[in-house]
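What follows is the residue order along each chain.
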Amino acid sequence: ILLIVAGIYLGTLCAGVYPGASGEATGQALGLVPVTAAGHALAFAAARLVAALSPGDAPFFLNLATALCGSVVAVLLFRAAKGFILELTRPAPDIYAQPDVTDEPARRNDGVSEEARVSAATLGGVLSVLVAVFSAPFWRASTSFSTHPTDTVLLLLLVLSLLRCLSSGNKIACVTAMFLSG
């Protein structure tokens, strides 16, 4: 997923400063325009680092970093959607179940196999990615400098941490979710 989305975003990458909010954000990242809001501190810190380390045209490298961040969103969204669907379809524990001593694959009490459940969750994850990352607003935000892909990465990391915390009780995931929640 990462390579496909990155390839498409890089093929349609804006070569310079895109007018509007992207142009203003590029100016702020390069220190040409004062930062007007206290938000997006992490995104602008990363943008300033990219601009300082860019070997050439800084706006192009800011757009490139944004496209790569948008590609990471695709992977995280896939994992979050698949995990959410798996959690929704997880069978309830059967407290009266007897140990299974057969070699047949495990089946839920509604007749759905674990393989079918995982396949449906995978398909749901892929469809979620296709709808989200190829929508016009996110595509535009991912092919010219914008803070939206960075915000979305942080949001999806929060969702993944919450899913892991709820499904397995992993304490590190719970602390990570609290940290990302602010």
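None of these values were measured; they are calculated from a predicted model.

Student: I'd love a proper account of the side chain of Thr-26, names of residues and values included.
Tutor: Mapped onto the elements of the fold, Thr-26 is located in helix H2 (residues 21-29). Reaching out from Thr-26, the side chain makes a polar contact with the backbone oxygen of Ser-22 at a distance of 2.8 Å. Beyond its immediate stretch of four places on either side in the chain, Thr-26 contacts Val-17, Pro-59, Leu-62 and Phe-145.

Student: For the state of the cysteines, give the residues involved together with the corresponding values.
Tutor: A complete count under the given rule lists 1 disulfide for this structure. Note on cysteine connectivity: Cys-165 is disulfide-linked to Cys-174, with sulfurs 1.9 Å apart. On the sign convention where negative means left-handed, the S-S torsion of about 90° between Cys-165 and Cys-174 marks this disulfide as right-handed. Owing to a relative accessible area of 18%, Cys-165 belongs among the buried residues under this scheme.

Student: Before we move on, could you go through the environment of Leu-130 and cite the residues and values that matter?
Tutor: Mapped onto the elements of the fold, Leu-130 is located in helix H5 (residues 114-133). Spatially, the C-alpha atoms of Leu-130 and Val-5 are 9.3 Å apart, while their sequence positions differ by 125 residues.

What counts and what doesn't
- Residues numbered from 1 in each chain as written.
- Predicted model: local features only at pLDDT ≥ 70, side-chain atom pairs only at ≥ 80, totals over all residues.
- Heavy atoms only, no water.
- Helix = DSSP H or I, 4+ residues; strand = E, 2+ residues; numbered from the N terminus.
- Polar contact = N/O pair within 3.5 Å; in protein donor to acceptor, adjacent residues only side chain to side chain.
- Contact = heavy atoms within 4.5 Å.
- Disulfide = S-S within 2.5 Å.
- Buried < 20%, exposed > 50% of the residue type's maximum accessible area, 1.4 Å probe, protein only.

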